[in-house]
Amino acid sequence: MDVKDLIPKHKDDQKVIARLKRLSFEQIKPIVPELLEWLQDMNWPIARSVADILEPFADRIAPEIIKIFKTNDGVWKMWVLRNLTRHTESTLLLSEIERIAKFPTRDEIEEEANLEAIAILNGECK
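**Describing the overall build of the protein**
Next, step 1: On a plain count of helices and strands, the protein comes out with 9 helices and 0 strands.
Next, step 2: Sequence-ordered secondary structure for the protein, helices as α and strands as β, is α-α-α-α-α-α-α-α-α.
Next, step 3: A compact globule built from 126 residues would reach a C-alpha radius of gyration of about 14 Å, and the protein, at 14 Å, matches this within 12%.
Next, step 4: Seen through its principal axes, the protein has C-alpha atoms that stretch 45 × 25 × 25 Å.
Next, step 5: Taken over 126 residues, the protein has a buried fraction of 47%.
Next, step 6: Considering only contacts in the protein between residues 6 or more positions apart, those separated by 24 or more positions represent 64%.
Next, step 7: In the structure as shown, the protein presents an accessible area of about 6900 Å², 50% of it carried by carbon and sulfur atoms.
Next, step 8: Of the side-chain charges in the protein, 19 are positive and 23 negative, and the distance between the mean point of each set is 3 Å.

**Notes on unusual backbone geometry**
The general pattern is negative phi for most residues beyond glycine and trans for most peptide bonds.
Next, step 1: The phi torsion at Glu 112 lies on the positive side, around 60 degrees, for a residue other than glycine.
Next, step 2: For Glu 112, the location among the structural elements is in the loop between helix 8 (106-110) and helix 9 (113-121).

**As for the nonpolar core**
Next, step 1: In this structure, Leu 20, Leu 36, Leu 39 and Leu 54 are the most contacted members of the largest nonpolar core, which totals 45 residues.
Next, step 2: Elements supplying a minimum of two residues to this core: helix 1 (14-20), helix 2 (25-28), helix 3 (32-36), helix 4 (47-54), helix 5 (62-69), helix 6 (74-84), helix 7 (91-102) and helix 9.
Next, step 3: Not counting residues within four places of it along the chain, the set of residues in contact with Leu 20 comprises Leu 6, Ile 28, Ile 31, Leu 35 and Ile 53.

**Side note on the packing of aromatic side chains**
Next, step 1: In the structure shown here, the tally under the stated rule is 2 aromatic pairs.
Next, step 2: For the ring pair Phe 25 and Phe 57, a centre distance of 5.0 Å and an interplane angle of 40 degrees mean the geometry is tilted. Taken together, the residues span a long stretch of sequence, with Phe 25 in helix 2 and Phe 57 in the loop between helix 4 and helix 5 at a distance of 32 residues. Phe 57 matches Phe 25 in its accessibility class, with the two residues each being buried.
Next, step 3: Ring geometry for Trp 38 against Trp 44: centres 5.5 Å apart, planes inclined by 70 degrees, an arrangement best described as edge-to-face. Assigned by exposure class, Trp 38 and Trp 44 land together as buried.

Criteria and cut-off values
- Residues numbered from 1 in each chain as written.
- Predicted model: local features only at pLDDT ≥ 70, side-chain atom pairs only at ≥ 80, totals over all residues.
- Heavy atoms only, no water.
- Helix = DSSP H or I, 4+ residues; strand = E, 2+ residues; numbered from the N terminus.
- Rg over C-alpha atoms; globule rule 2.2 N^0.38 Å.
- Buried < 20%, exposed > 50% of the residue type's maximum accessible area, 1.4 Å probe, protein only.
- Contact = heavy atoms within 4.5 Å.
- Areas by Shrake-Rupley, 256 points an atom, 1.4 Å probe, with all protein chains shown as cover.
- Lys, Arg positive; Asp, Glu negative; His and termini not counted.
- Charge placed at Lys NZ, Arg CZ, Asp CG, Glu CD.
- Core = buried A, V, L, I, M, F, W, Y, C linked by side-chain atoms within 4.5 Å.
- Phe/Tyr/Trp six-rings, centres within 6.5 Å; stacked < 30°, edge-to-face > 60°.

This is the structure we're talking about:
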């Protein structure tokens, strides 16, 4: 089986989700960037499932998450903050969350990602 075959093909690709849930982190690691793209809109039917699959590994995928935090997509940042980083212990992620809280970009303010970052830092999301 090629793990690339497990990248969801559409917004309700539940067959792929069921297969992904059975894999270890090492098995899904090569497709993490593609899976993170499904968190751009948590209204998509598979978004919640993808977040549930990735959340336990958030600290291990910190570099990929930080790439999202460097984009201009405030909505995506908000969903990642809310669904992946609330319980992070990664110093890399916490540093970037602190940056979002203290020095937010325009898109982070517009989508209230900065408020989510503040809540994470204050322990209000646990």
